[in-house]
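Understanding the architecture of this molecule
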Amino acid sequence: HSPPTGGLLGVYFYDISAVVSGTTTPITSITETYTTTFLYNDWVRKAAVEDTMDLWWWNESSSVWSQAGITSTLSTTYNALTSTVNHLSEFAVLGETNAVYLPTVLKKN
């Protein structure tokens, strides 16, 4: 899924899913929260402004990226985004970008 509009850059996308132990039966909902930590470096972060990075999830029912139900803490010292989540989903670490658009210069001969 594409990142939301508004100048956000997709840093990393991943899916968290689960199955019943010893089977292939998918777990569709959970009742407990869990913590996920995303470690990054400048190469992974790309052009995202570091202190704007946050965790988002793909809301299948409304087909939008959302931050509802996610609590995150970003440590720029340790390059870690730690988030508490209460559901399984496709997730994305997104951050704002300072896009620069340069004019095209053509030389006429």
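Refer to the structure presented above.
Residues numbered from 1 in each chain as written. Predicted model: local features only at pLDDT ≥ 70, side-chain atom pairs only at ≥ 80, totals over all residues. Heavy atoms only, no water.

1. A word on the overall build of the protein
A count of helices and strands for the protein gives 1 helix and 7 strands. In sequence order, the secondary structure elements of the protein are arranged as β-β-α-β-β-β-β-β. In terms of overall size, the protein is more extended than a compact globule, its C-alpha atoms giving a radius of gyration of 18 Å where 109 residues would be expected to give roughly 13 Å. Viewed in the frame of its principal axes, the protein has a C-alpha envelope of about 70 × 35 × 25 Å. For the protein, buried positions account for 29% of its 109 residues. Intrachain contacts of the protein at a sequence separation of at least 6 include 70% that bridge at least 24 residues. By element, 53% of the accessible surface of the protein is carried by carbon and sulfur atoms, the whole surface being about 7600 Å². Taking the 4 positively charged and 9 negatively charged side chains of the protein as two groups, their mean positions are separated by 29 Å. (Helix = DSSP H or I, 4+ residues; strand = E, 2+ residues; numbered from the N terminus. Rg over C-alpha atoms; globule rule 2.2 N^0.38 Å. Buried < 20%, exposed > 50% of the residue type's maximum accessible area, 1.4 Å probe, protein only. Contact = heavy atoms within 4.5 Å. Areas by Shrake-Rupley, 256 points an atom, 1.4 Å probe, with all protein chains shown as cover. Lys, Arg positive; Asp, Glu negative; His and termini not counted. Charge placed at Lys NZ, Arg CZ, Asp CG, Glu CD.)

2. With respect to the pattern of salt bridges
Here the structure, examined in full by the defined rule, presents 1 salt bridge. For the salt bridge of Arg-45 with Asp-42, the shortest nitrogen-to-oxygen distance reads 3.1 Å. Of this pair, Arg-45 and Asp-42 both sit in helix H1 (residues 42-45), 3 residues apart, which is roughly one turn of that helix. Assessed through its relative accessible area of 16%, Arg-45 is described here as buried. (Salt bridge = Lys/Arg side-chain N within 4 Å of Asp/Glu carboxyl O.)

3. Concerning the sheet that holds strand E1 (residues 8-16)
Note: strands within a sheet are paired through backbone hydrogen bonds, in either parallel or antiparallel orientation. Strand order across the open sheet formed by 4 strands is E1-E7-E3-E4, with antiparallel pairing between neighbours. Lying at the two open borders of the sheet, with one neighbouring strand each, are E1 and strand E4 (64-66). The mean inter-strand angle of the sheet, taken between neighbouring strand axes irrespective of direction, is 35°. Note that E1 and strand E7 (residues 89-96) share 8 bridges and pair antiparallel. (Pairing = 2+ DSSP bridges. Axes fitted to C-alpha atoms, helices over the stretch in contact; angles between N-to-C directions.)

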